[in-house]
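Architecture and fold: a report
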Amino acid sequence: MAGAPNVNFDDGAAYENFMGRWSRQIGAVFLDWLSPPRDARWLDVGCGTGVFTQLVLDRCNPAQVTAVDPARRGDDVEAAVCERQRQCVADAELRALRQRLLQNIVDLRGALVMNFIPDRPRAVADMRRVTRPGGIVAAYVWDFTRAGSPNWPFGRAMRVLGYSPPRPPGEEDSTRERLSALFEAEKLTEIVTREIEVTTTFPSFEDFWRSQTPSFSPTGRALAAVPKTELPKIKKAVRDVLKAPGEGPVTYAARANAIKSRVPG
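Residues numbered from 1 in each chain as written. Predicted model: local features only at pLDDT ≥ 70, side-chain atom pairs only at ≥ 80, totals over all residues. Heavy atoms only, no water.

The number of helices and strands found in the chain is 10 helices and seven strands. Considering the chain as a whole, with its 265 residues, one finds that 53% of them fall into the buried category. For the chain, the proportion of contacts with a sequence separation of at least 24, taken over those separated by at least 6, is 75%. Within the structure as shown, the chain displays about 11900 Å² of accessible surface, and the carbon and sulfur contribution to it stands at 49%. (Helix = DSSP H or I, 4+ residues; strand = E, 2+ residues; numbered from the N terminus. Buried < 20%, exposed > 50% of the residue type's maximum accessible area, 1.4 Å probe, protein only. Contact = heavy atoms within 4.5 Å. Areas by Shrake-Rupley, 256 points an atom, 1.4 Å probe, with all protein chains shown as cover.)

Structure follows, in structure tokens:
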């Protein structure tokens, strides 16, 4: 998974404010839709700070969860999730896991990570390879092509002012059609896709701005490259896009595309 985003997972509080609140909401809807069996063995690909891993532990009564991410050490992930049966692996290159996990994983998914994997066809092939016959392979990713990710207000505001917002990696494969094509190419069966929309409320516009523009995020890096004299204009444009009041909470929605399938039995 070389080429993963430069995200500061070591600052759990900053990442929670930036993306954790979104991940938790969308992950809960995804799990309800997935309807996984109890006592399943899971592989959480691209676990980050363990937000989704924690949801699996809390809601699905798994027999085992293996959480992997190239940007995290095993002890970091372990600190991020509760003490239950799981195995934390530092290296997200699934080739090292094939022999050890083959026939042992019932559900394998990659929440909000597929677009960051440079070789997505190989990633799906590895997902299938380590999943037992009849097991579930599933994922979800922000709908970048239709400006559905949580940072869409910034992209729209920057375009209004004549700036080119940063393009997320792999956005071309974030549609339901492209996700289906990736899974179909590996001859996965019972492929179903859906759109998931979640809404988040921030106590104020300033809280929204601080939490969604950390220095490690694409938006934060894009804003750092703009002349400081332009920042007030961008901030006002974002406020206008959100129709945010001068005082009070800010509420808006983000959208992701999800896919689930099975390995032929």
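To continue, consider the side chain of Asn-257. Examined against the element boundaries, Asn-257 turns out to sit in strand S7 (residues 250–262). There is a polar contact of 3.4 Å between the side chain of Asn-257 and the side chain of Asp-143. (Polar contact = N/O pair within 3.5 Å; in protein donor to acceptor, adjacent residues only side chain to side chain.)

Note that Asn-17 resides in helix H1 (residues 12–34). In this structure, the C-alpha to C-alpha distance between Asn-17 and Arg-210, residues 193 residues apart in sequence, is 8.7 Å. Among residues more than four places away in sequence, those in contact with Asn-17 are Ser-211 and Gln-212.

The next thing to look at is helix H2 (residues 51–59). Among all positions of H2, only Val-51, Phe-52, Thr-53, Leu-55, Val-56 and Leu-57 are buried. Downstream of H2 by one or two residues, Asn-61 has phi in the positive range, about 45°.

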